[in-house]
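# Tertiary structure, described
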Amino acid sequence: MNRIEAIYSFINLQDKVVDVGCDQAKLSLLLSKRNQSSIACDISINVINRAKENINSQLIDLRVSNGLSNVKKGEANTLVLSGMGTYTILDILNNTNLRFNKIITISNNYHDTLRKKMNELNYKVSEELIIKENNKYYNLILFTEGNKSYSEDELLLGTNHKDKEMYIEYLKYLLEKYNKIKESSKNKNEKIDKMINLINKKLK
Ligand SMILES: C[S@@+](CC[C@H](N)C(=O)[O-])C[C@H]1O[C@@H](n2cnc3c(N)ncnc32)[C@H](O)[C@@H]1O
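The paragraphs below set out a description of the structure included in this document. Bear in mind that the values here come from a model prediction, so they are computed numbers and not experimental data. (Residues numbered from 1 in each chain as written. Predicted model: local features only at pLDDT ≥ 70, side-chain atom pairs only at ≥ 80, totals over all residues. Heavy atoms only, no water.)

### A short note on the side chain of S82
Here is the rule we go by: Comment: elements are numbered from the N terminus, with helices defined as DSSP H or I runs of at least four residues and strands as E runs of at least two. Burial classes follow relative accessibility: with a 1.4 Å probe on protein chains only, a residue under 20% of its type's maximum area counts as buried, one over 50% as exposed, and anything between as partly exposed. The contact rule is simple, with two residues in contact once any of their heavy atoms fall within 4.5 Å.
Inspection of the secondary structure assignment puts S82 in strand 4 (residues 78–84). Residue S82 is classed as buried on the basis of its relative accessible area, which comes to 12%. When residues no more than four places from it in sequence are discounted, the contact partners of S82 are R3, I7, V20, G21 and I106.

So, in structure tokens, the structure goes:
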């Protein structure tokens, strides 16, 4: 399962989807194959024009939009934010009054900050999924409305993973990565030591 298929697997037929940062609108294309309409937005006019040249479906509403600025209340209840950094994702959510039943993110970085700040926006982690695409790991997080108190390891390493085997593979990859950083750095790094301890505990 690639990233787009993974996002698709979290979407139900009745969900009203907006994909912000859609690029080639691959998710909307997949949804249209099962007759589901969606809004696909991107900040770049060139990206949207290119998608319009390649896509000919009444079910896909392609729009230029900085975040959710061009999306109106009631048009969507499911938001997809994939292939962006945590701070872009948070910026988009901090700049809208719209609320969603579901937010599906695949952030490139700072997943702990994402979990923590989303909680402050009253979105809690419902499920997570680690995806491996072209030998790279991606962390999908499904947020739903509400808040939760997280332990430190839940904030740093996630919670409620759908594919446990893939999660363990990912933890082993992280452990190797942090051990290499530790070996190559001369100074003691408390954050790296903490991550190594937390991952070792999880893997026990
Ligand atoms: C790396 S692509 C990700 C494409 C697709 N969502 C995926 O996961 O494969 C990131 C896209 O986000 C768009 N983007 C970045 N910031 C944005 C913003 N504030 N609002 C809307 N789109 C944005 C970029 O133009 C780019 O097309």
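### Things to note about the packing of aromatic side chains
Just so we agree on the cut-off: Pairing of aromatic rings covers Phe, Tyr and Trp, the last counted by its six-membered ring, and requires centre-to-centre distances within 6.5 Å; plane angles under 30 degrees mean stacked, over 60 mean edge-to-face, and any other angle means tilted. Any Lys NZ or Arg CZ that is within 6 Å of a ring centre and within 35 degrees of that ring's normal is treated as a charge sitting over the ring.
Per the counting criterion, the structure on display carries 4 aromatic pairs. Geometrically, the ring pair formed by Y137 and Y173 is tilted, given 4.9 Å between the ring centres and 35 degrees between the ring planes. Here Y173 lies in helix 7 (residues 164–184) and Y137 lies in strand 7 (residues 136–145), a separation of 36 residues in the sequence. With a relative accessible area of 16%, Y137 lands in the buried category. Pairing Y170 with Y173 gives two aromatic rings, centres 6.4 Å apart and planes at 25 degrees, and the pair type is stacked. Of the two residues, Y170 and Y173 are both situated in helix 7; the distance of 3 residues between them amounts to about one turn of the helix. Taken together, the aromatic side chains of Y137, Y170 and Y173 make up a single cluster linked through ring pairs. Over the ring of F10 we find K162, and its NZ or CZ is 4.3 Å from the ring centre. Lying over the aromatic face of Y178, K177 brings its terminal NZ or CZ to 5.4 Å of the ring centre.

### Quick notes on the state of the cysteines
Note the threshold: A pair of sulfur atoms, both from cysteines and within 2.5 Å, is called a disulfide here.
One pass over the structure, following the stated rule, counts 0 disulfides. The thiol of C41 is not disulfide-bonded; the next cysteine sulfur, from C22, is found 6.8 Å away.

### Section: the nonpolar core
Selection criterion: The nonpolar core is taken to be a set of buried Ala, Val, Leu, Ile, Met, Phe, Trp, Tyr and Cys residues, with the residues joined through side-chain atoms within 4.5 Å.
If you look at the biggest cluster of nonpolar residues, it comprises 25 residues, and the most contacted ones within it are V18, V20, L68, L79, L81, F100 and I103. Those elements that place two or more of their residues in this core are strand 1 (17–20), strand 2 (38–42), strand 4, helix 4 (86–94), helix 5 (111–120), strand 6 (123–133) and strand 7. Top contributing element to this core by residue count: helix 4, with 4 residues. The contacts of L68, once residues within four sequence positions are left out, are V18, V20, L79, I92, T96, L98 and F100.

### A closer look at the site of the ligand
Using the following cut-off: Any residue with a heavy atom positioned within 4 Å of a molecule or strand is treated as near that molecule or strand. N or O atoms within 3.5 Å of each other form a polar contact, as long as, within protein, one can give a hydrogen and the other can take it, and as long as residues adjacent in sequence are counted only when both atoms are side-chain atoms. Surface accessibility follows the Shrake-Rupley procedure with a 1.4 Å probe radius. Residue values consider only the protein chains on display as shielding. Any residue that is not Ala, Val, Leu, Ile, Met, Phe, Trp, Tyr, Cys, Pro, Asp, Glu, Lys or Arg is counted as polar, Gly included; the first ten are nonpolar and the last four charged.
With respect to spatial proximity, 13 residues lie near the ligand, and among them R3, G21, D42, G67 and S82 are the closest. Contacts to the ligand include R3, whose side-chain N or O atom sits 3.0 Å from an oxygen atom. Protein chains bury 74% of the 610 Å² of accessible surface belonging to the ligand in isolation. Of all the secondary structure elements, the ones that give two or more residues to the shell around the ligand are strand 4 and helix 4. For the shell around the ligand, the class distribution of residues is 3 nonpolar, 7 polar and 3 charged.

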